[in-house]
Amino acid sequence: MQNTKQKKFSMLPYLFHYTGHYILGIAVLMLVDLASLYIPQYIGEIIDGLTAGALDYAGVKSLLLKILCAGLIMMAGRFGWRYFIIGASRGIEYRMRNDLFAHLETLSARFFNSHKTGDLMAHFTNDLQAIRMAAGMAVITTFDAVVMTVMVLIKMIFYVDFRLTVLAFVPLILVAVGCYFYGIESKKRQTKRQEAFSHLSDKVQESLAGIRVLKAFVQEDADFKSFEEASTASMEKNLSVVKLRAIFGPALDAVTGISLLLNLVFGGKMVLSGQISIGQFVAFNSYIGMLVWPMIACGDCINAFSQASAAFGRIAAIFREEPDIVDKYLTQSLDFSLPDEDNEPNPDSLHLEGDITLNHLTFTYPDGDTPVLKNVDLHIQPGEMLGILGRTGSGKSSLADLLLRVYDCDKGMLLLDGRPIDEIPLAVLHRDMAYVPQDNFLFSDTLEENIAFGLEERIQDHPELRESIHRAAMDACIHDNIMDFPEDYLTLVGERGVTLSGGQKQRSSIARALLKDSAVLILDDSLSAVDTDTEEQILENLMRLRKNKTTIVIAHRISTLQKADHIAVLEEGELTEYGTHEELVALGGFYAHINEKQQLEQQLKEM
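Residues numbered from 1 in each chain as written. Predicted model: local features only at pLDDT ≥ 70, side-chain atom pairs only at ≥ 80, totals over all residues. Heavy atoms only, no water.

Across its full length, the protein chain carries 20 helices and ten strands. Taking 2.2 N^0.38 as the reference for a compact globule, 607 residues should give roughly 25 Å; the C-alpha atoms of the protein chain span a radius of gyration of 36 Å, well beyond that estimate. When the 607 residues of the protein chain are sorted by exposure, 45% land in the buried category. Excluding contacts between residues fewer than 6 apart, the proportion of contacts in the protein chain whose partners are at least 24 apart in sequence is 76%. When the accessible surface of the protein chain is split by element, carbon and sulfur atoms take 59% of a total near 31300 Å². Charge separation in the protein chain, taken as the distance between the mean sites of 54 positive and 79 negative side-chain charges, equals 11 Å. (Helix = DSSP H or I, 4+ residues; strand = E, 2+ residues; numbered from the N terminus. Rg over C-alpha atoms; globule rule 2.2 N^0.38 Å. Buried < 20%, exposed > 50% of the residue type's maximum accessible area, 1.4 Å probe, protein only. Contact = heavy atoms within 4.5 Å. Areas by Shrake-Rupley, 256 points an atom, 1.4 Å probe, with all protein chains shown as cover. Lys, Arg positive; Asp, Glu negative; His and termini not counted. Charge placed at Lys NZ, Arg CZ, Asp CG, Glu CD.)

So this is what it looks like as structure tokens:
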């Protein structure tokens, strides 16, 4: 059951980790702003000095040298604040991306059943980028705008004139009011824009993943129209953001222009009346120009923080998700040695023997109402091969999911080696169980890497593993096929193994499971795509390799199950028949009926 207590997610730990970077970056930024303030003043002093004849060549040279030094400080400082603050924002993005991926790996099947891949991908691209921009350039811009505005106003007041400064700055107060309303509306539009982008990403991912089905059913045009609708929606939401910025930007320019106009009118009069010098007037105009940047930056900052706020809300919602399946580490019920001081179970000291007990097992999916397994009692001895037969929807795969703890059943209904399954550390459970699912998944990598996927060691570090990989492939009857490929084991397979046939994917997955050599092996209808001769050979190899190890084979074909030590028949989630192949045939029930039907089908094929 999902944990209803939601944990908090905050940006503060990420920001605190780079506190030093931000302090140094802001200090350097202040130095750059301070240096930039003196350039207009020095230019004004040169103009006044030359106009009054009070400045000789040496004086001009000295002031020009000061301007050069200020420029060099600005050049070096701009590199410095980029290094510290932009570097910090990249680090925050990197750490958050890693944490997000690690958290997703802890979440249970329920979460991924209700969240689309494209939407999750959007979090790793668009959302994290928005947060990075807010933690980097937006922080710089915000601080720079505030500090620059304050410094420039002080300089304008003390170096030029207080009255002229107030007159020029009054129109800029309108910016504060406009920014407030702009921020509210911008956040709403940014949220809708990011949701539209997620929908578009999911549509592209789903269409490309299902391209074969689309072509097989000649649905390219219909799918393109669906994509076009998603693309249009994304464009419209982006345009709504751009339109808002298009209104806000010129409004800022208008306010800035009014300020400049007031400066020209009243400042010109003050120069003519002798209240300020020409140099001060030129410097004042430069300072007005320097105030334009903070005004423009104000809108950019609000836009960046609005995007980041919307993105952070979406990412925080994922971080608040709790996994349904957790390690409980109930050490008081475990009877193996605990060498750690914290008295935590050491996975290396516990190994499953493969004794599995189903005790009145009843299970209903979290989002379901009807039990898929009902009162199932079963005991699988260590080293036994159990076959499971049943119609589609009878609960066979659900049983495999419970053994792998994809889902949890009620306490005490499923025991491993006499212990409740939720008391077994997940690291032990997944290490000592191998699984070949119905939907065989191969990664976009070489066949060698796909088969070796379950090993802890890397082939690059342990080349001797190749011999074991080849042996597992031989036991899965895929070695000869692999050797026929242009680059044999180094052949790259497409996404989800699309370049391989169904039988080749199944056998590659079986080789991966056999190489793991786990105490428990679960094959979930894993031989359905291979011919009967190959199936028989693989089963013989399984009988030889899995001696004294527990094996569960789920299948629809009797030929796959008849060599099992015992066979369980499930009908509508209930265990209706149990015994050996001979015993079930003699019973004359569902198993015997399926056996007779499949034998007749085989005879008709051979005629």
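Bringing the confidence of the model for the protein chain into the picture now. Taken over all residues, the pLDDT of the protein chain has a mean of 82, while the share at 70 or more is 92%. Per-element mean pLDDT across the protein chain ranges from 73 in helix H6 (residues 162–169) up to 93 in strand S1 (residues 356–363). Predicted confidence is poor over residues 1–5, with pLDDT under 50, and the contacts of this stretch with residues over four places away or in other chains come to six contacts. Below a pLDDT of 50 lies the segment residues 330–343, which in the model reaches 24 contacts outside its immediate sequence neighbourhood of four places, other chains included. (pLDDT = per-residue confidence, 0-100.)

Right, let's get into the environment of Arg97. Along the chain, Arg97 falls in helix H3 (residues 57–106). Measuring from C-alpha to C-alpha, the distance between Arg97 and Ser468 comes to 36 Å, with 371 residues separating the pair along the chain. Ignoring sequence-local partners within four residues, the contact set of Arg97 consists of Phe124 and Leu128.

Our focus in this paragraph is the pattern of salt bridges. A full pass over the atoms with the stated rule returns 19 salt bridges. A salt bridge links Glu93 to Arg90; the shortest N-O distance between them is 3.8 Å. Linking Glu93 with Arg90, this pair stays in helix H3, spanning three residues, or about one helical turn. Judged by relative accessible area, Arg90 falls into the partly exposed class, the value being 45%. Asp127 is the salt-bridge partner of Arg314, the closest N and O atoms lying 2.8 Å from each other. Residue Arg314 is found in helix H10 (residues 278–319), and its partner Asp127 is found in helix H5 (residues 117–160); the two are separated by 187 residues along the sequence. Summarising the burial analysis for this pair, Arg314 and Asp127 share the class buried. Linked through salt bridges whose partners overlap, the residues forming this network are Arg90, Glu93, Arg97 and Arg132. (Salt bridge = Lys/Arg side-chain N within 4 Å of Asp/Glu carboxyl O.)

Attention now moves to the nonpolar core. Of all hydrophobic cores here, the largest spans 41 residues; its most connected members are Ile451, Ile469, Ile482, Leu521, Leu542 and Tyr591. Element by element, the count of residues in this core is highest for helix H16 (residues 502–516), at five residues. With sequence-adjacent residues up to four places away left out, Leu542 is seen in contact with Met385, Leu514, Leu521, Leu523 and Lys547. If you look at the next biggest cluster of nonpolar residues, it comprises 37 residues, including Leu358, Leu414, Val520 and Ile522. (Core = buried A, V, L, I, M, F, W, Y, C linked by side-chain atoms within 4.5 Å.)

Within the secondary structure, Leu587 is located in helix H19 (residues 581–587). Judged by relative accessible area, Leu587 falls into the exposed class, the value being 54%. Taking the C-alpha atoms as reference points, Leu587 and Ser508, separated by 79 residues in sequence, lie 37 Å from one another.

Let us now look at unusual backbone geometry. Phi is positive for Asp417, close to 55°, though the residue is something other than glycine. By the element assignment, Asp417 lies in the loop between strand S4 (414–416) and strand S5 (419–420). For Cys477, which is not glycine, the phi torsion reads 60° and is therefore positive. Position of Cys477 among the secondary structure elements: in the loop between helix H14 (465–475) and helix H15 (479–484). Of the residues examined, Cys477 reaches a relative accessible area of 21% and is grouped as partly exposed.

Spatially, S2-S1-S4-S5 is the arrangement adopted by the four strands of the open sheet, whose pairing is antiparallel. In the strand order of this sheet, the two ends are held by strand S2 (373–380) and S5, each with one partner. Taken together, the five bridges between S1 and S2 define a ladder with antiparallel strand orientation. By the bridge assignment, Ile356 is partnered in S2 with Ile380. Packing against the sheet, helix H11 (residues 396–403) makes contact with S1, S2 and S4, and its axis sits at approximately 120° to S1. (Pairing = 2+ DSSP bridges. Axes fitted to C-alpha atoms, helices over the stretch in contact; angles between N-to-C directions.)

Before going further, it helps to spend a moment on the sheet that holds strand S8 (residues 550–555). Reading across from one edge, S6-S7-S8-S3-S9-S10 is the order of the six strands in this open sheet, with mixed pairing throughout. At either margin of the open sheet sits one strand with a lone partner, and together these are strand S6 (433–436) and strand S10 (574–579). Averaged over all adjacent pairs, the angle separating strand axes in this sheet is 15°, with direction ignored. Both strand S9 (residues 566–571) and S10 contribute to a ladder of five bridges, which runs antiparallel. Each bridged residue has a counterpart across the sheet, and for Val569 the counterpart in S10 is Glu577. The strands touched by H16 within the sheet are S6 and strand S7 (520–524), with S6 carrying the most contacts at an inclination of about 175°.

Counting along an α-helix, one turn takes 3.6 residues, and residues three or four places apart therefore face a common direction. Compared with an ideal rise of 1.5 Å per residue, which puts 53 residues at 78 Å, helix H9 (residues 220–272) spans 75 Å between its outermost C-alpha atoms and is within 8% of the ideal. Phi for Gly274, located one or two positions after H9, is positive at around 85°. (Expected span 1.5 Å × (residues − 1).)

Another point: the packing of helix H2 (residues 19–52) against H5. The geometry of H2 relative to H5 is characterised by a closest axis approach of 10 Å and an angle of 35° between their N-to-C directions. Helix-helix and strand crossings are classified by hand; for H2 and H5 the assignment is right-handed. Counting all contacts with H2, which are made through Tyr22, Ile26, Leu29, Met30, Asp33, Leu34, Ser36, Leu37, Tyr38, Gln41, Gly44 and Glu45, the residues of H5 involved are Ala135, Val139, Ile140, Phe143, Asp144, Val147, Met148, Met151, Val152, Lys155 and Tyr159. A class-by-class count of the residues in the contact of H2 with H5 yields 16 nonpolar, three polar and four charged. (Left-handed = near helix turned anticlockwise from the far one by under 90°. Nonpolar A, V, L, I, M, F, W, Y, C, P; charged D, E, K, R; others polar.)

As a further point, take the environment of Ser10. In this structure, Ser10 sits in the segment before helix H1 (12–17). Under the relative-accessibility criterion, Ser10 is labelled partly exposed at 32%. Sequence separation of Ser10 and Ala316 is 306 residues, and the distance between their C-alpha atoms is 7.9 Å. Within the structure, Ser10 has its side chain in polar contact with the backbone nitrogen of Leu12 (distance 3.0 Å). (Polar contact = N/O pair within 3.5 Å; in protein donor to acceptor, adjacent residues only side chain to side chain.)

Here we come to the side chain of Glu448. Relative to the assigned elements, Glu448 resides in helix H13 (residues 447–451). With residues near it in sequence (within four places) discarded, Glu448 still touches Ile459, Arg466, Ile469, Tyr489 and Leu490.

To continue, consider a nonpolar patch on the surface. The grouping of Val146, Val150, Ile154, Ile157, Phe158, Phe162 and Val166 at the surface amounts to a nonpolar patch, some 670 Å² of accessible area in total. The set of elements that each furnish at least two residues to the nonpolar patch consists of H5 and H6. Considering every element that reaches the nonpolar patch, the biggest residue donor is H5, with five residues. Its place among the elements puts Val146 in helix H5. (Patch = residues over 30% accessible without salt bridge, like charges linked within 9 Å, V, L, I, M, F, W, Y side chains within 5 Å.)

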